[in-house]
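Analysis of the macromolecular model
Take a look at the letters that make up each chain.
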Amino acid sequence: MLKKLINSAHISFKIAPLDPLLIKSGQATVGGTDMSFMRTYKFGEKEFPFIPGSSIKGMLRAYAEKICRTLGDNKVPVCLPYIDSKKNDLTPDEKAQAACGLRVKEKDKEGNKSRTIISAKMYNISCPVCRLFGSHKYIGRLATSDAYLTKESEGQHRLEIRDGIAIDRLTGGTAGGAKYDFEVLTKGDFETSVDIRNFERWQLGLIGLVFRDMEDGLIRIGFGKSRGLGKIKAEIKNFKIISYNMPLRKLSGIVAHCTEQEKQSYGFFTETNGGEDTPWPECEKKGLRHEYTITELWKNLLEPAVNDLVQFVRTDKWPQKIDEFVAEVN
Ligand SMILES: [Zn+2]
């Protein structure tokens, strides 16, 4: 990632459950349910349910992968982060989708540590989703925060215990009648935020499409997605674009403000035309920061970003780029 800060986007939003939610806590409970909801202590006193930022990032990433696959015509344009290319029993289809971060080996054929890959190179050869969310080898540009109950929901939230029956995976019947119970949240809104640093414009297009579907209640989070759990609805409370050191006249990403050499080494996508005619909000200048609030306008303003995304996904040379690199260094 570039050492200097060029731009950032900040989205704060509310999450409301449409279905019962279960964000599983890893902790065993004494005499409690088999699966309980994540909890945290507020001011060291009362326990409150919360959703970790990592769960939110996982949800956004999985949905972003789906969107890119939909745009990819007849090729798979993104990797699957859990497929390790070093495994022997992969089908050709799985091999083609192996995780970007796991393709590049730690050691070469002779067992020597392979040369450290500079982050520009790793960014350049990664799939569109890894470029935004990161991989095993690269930290990513998008950061999430933990989601806590809104002020209004504190004390008004509801957690319930449900019974489940373990299904035998082979027969589809119940596994010896084994029963388990789990805790779900049925009432309570959360608030949290997402930050993207040094974004390319198409990345805002991708995150914009995810948020649009989240606003329409089409995305699920947590445990039991195939059993009617986890559907949520998001509401954007604040959407801000920040440009450092330079005012913006329209929505543009990092490629508009970096050097030609940086563009080449990171492989930044050249933005498509468009966006010049859409009214751009007034600047709020705070020191070096030029801030633009687009909370009411984001769907219109992000249209050129979505066009960039479509072009980028269709023309990007992944996975050939990463395959060539791997063949060269390993
Ligand atoms: Zn990837």
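Above: the structure in question.
Not measured: the values here are computed from a predicted model. Each chain has its residues counted from 1, following the order in which its sequence is written. This being a predicted model, a pLDDT of at least 70 is required before a residue's local features are given, and a value of 80 or more before pairs of side-chain atoms are given or counted; all residues contribute to the totals for chains, interfaces and linings. Side-chain measures were taken over the full set of non-hydrogen atoms in the model, leaving aside hydrogen atoms and water.

In terms of regular secondary structure, the chain is built from ten helices and twelve strands. Just to be clear, the radius of gyration here is over C-alpha atoms, and the globule rule we use is 2.2 Å times residues to the power 0.38. Scaling as 2.2 N^0.38, a compact globule of 330 residues should have a C-alpha radius of gyration of about 20 Å, and the chain matches this with 22 Å. Structurally, the chain occupies a C-alpha span of about 65 × 55 × 40 Å along its principal axes. In this scheme, a residue with accessible area under 20% of its type's maximum is buried, one over 50% is exposed, and one in between is partly exposed, where area comes from a 1.4 Å probe on protein chains only. A buried classification covers 48% of the 330 residues belonging to the chain. We count Lys and Arg on the positive side and Asp and Glu on the negative side, and we leave His and both chain ends out. Where a charge lies is defined by one atom per residue type: Lys uses NZ, Arg uses CZ, Asp uses CG and Glu uses CD. Positive and negative side-chain charges of the chain, numbering 51 and 44 respectively, have mean locations separated by a distance of 2 Å. Numbering of helices and strands runs from the N terminus; a helix is a DSSP stretch of H or I covering at least four residues, while a strand is a stretch of E covering at least two.

Below, the discussion takes up helix 6 (residues 201–215). The terminal C-alpha atoms of helix 6 lie 21 Å apart, and with 15 residues this matches the ideal 21 Å at 1.5 Å per residue to within 8%. With its phi angle positive at about 70°, Gly 217 sits one or two positions after the end of helix 6. Each residue after the first adds 1.5 Å to the expected span of a helix.

One side-chain nitrogen of Lys or Arg within 4 Å of one carboxyl oxygen of Asp or Glu is enough to make a salt bridge. In this structure the tally under the stated criterion is 22 salt bridges. A salt bridge links Asp 189 to Lys 14; its shortest N-O distance comes to 3.6 Å. Of this pair, Asp 189 sits in the loop between strand 7 (174–187) and strand 8 (190–197) while Lys 14 sits in strand 1 (residues 7–17), placing them 175 residues apart in sequence. Among the residues examined, Asp 189 registers a relative accessible area of 21% and is labelled partly exposed. Residue Lys 14 is classed as partly exposed on the basis of its relative accessible area of 22%. A salt bridge links Arg 103 to Asp 323; the shortest N-O distance between them is 2.9 Å. Taken together, the residues span a long stretch of sequence, with Arg 103 in helix 3 (residues 100–103) and Asp 323 in helix 10 (residues 320–329) at a distance of 220 residues. Connected via shared salt-bridge partners are Lys 240, Glu 284, Lys 286, Arg 289 and Glu 291.

Metal sites are built from N, O and S donor atoms within 2.8 Å, or 3.2 Å for Na, K and Ca, and they leave out water, so they may look incomplete. Around the zinc ion, the protein supplies Cys 79 (SG), Cys 100 (SG), Cys 127 (SG) and Cys 130 (SG) as donor atoms, at distances of 2.3 to 2.4 Å. Each label reflects the angles at the metal, where four donors whose angles all fall between 85 and 135 degrees are tetrahedral, four or six donors whose opposite pairs open beyond 155 degrees and whose other angles stay between 65 and 115 are square planar or octahedral respectively, and the rest are irregular. Angles of 102 to 114° at the metal separate the four donor atoms of the zinc ion, which places the site in the tetrahedral class. Along the chain, the residues donating to the zinc ion are arranged with the sequence spacing C-x20-C-x26-C-x2-C. Across this residue pair, the class does not change: Cys 127 and Cys 130 are buried.

With that out of the way, let us pick up the pairing of strand 12 (residues 289–293). For two strands to pair, DSSP has to find at least two bridges joining them. Taken together, the five bridges between strand 10 (residues 231–244) and strand 12 define a ladder with antiparallel strand orientation. Counted as the bridge partner of Ser 243 is His 290 from strand 12. When strand 11 (residues 284–286) meets strand 12, the two strands line up antiparallel, connected through three bridges. The residue of strand 12 that forms the bridge with Lys 286 is Arg 289. Between the end of strand 11 and the start of strand 12, which pair antiparallel, lie two residues, with Gly 287 showing a positive phi angle near 65°.

Let's shift gears to the nonpolar core. Side-chain atoms within 4.5 Å link the members of a nonpolar core, which is a set of buried Ala, Val, Leu, Ile, Met, Phe, Trp, Tyr and Cys residues. Core analysis: the largest hydrophobic core is formed by 87 residues, its most contacted members being Phe 13, Leu 204 and Ile 241. Excluding residues that lie within four positions of it along the chain, Leu 204 makes contacts with Ala 9, Ile 196, Phe 199, Ile 241, Leu 251, Leu 302 and Ala 305. Throughout, a residue-residue contact means that at least one pair of heavy atoms, one from each residue, lies within 4.5 Å.

The subject of this paragraph is the pairing of strand 8. By the bridge criterion, eight bridges tie strand 1 to strand 8 in an arrangement that is antiparallel. The residue of strand 8 that forms the bridge with Ala 9 is Ile 196. Relative to strand 8, strand 5 (residues 148–149) is paired through two bridges, and the arrangement is antiparallel. Bridged to Leu 149 within strand 8 is Phe 190.

On their own, these measurements won't tell you what the molecule is for.
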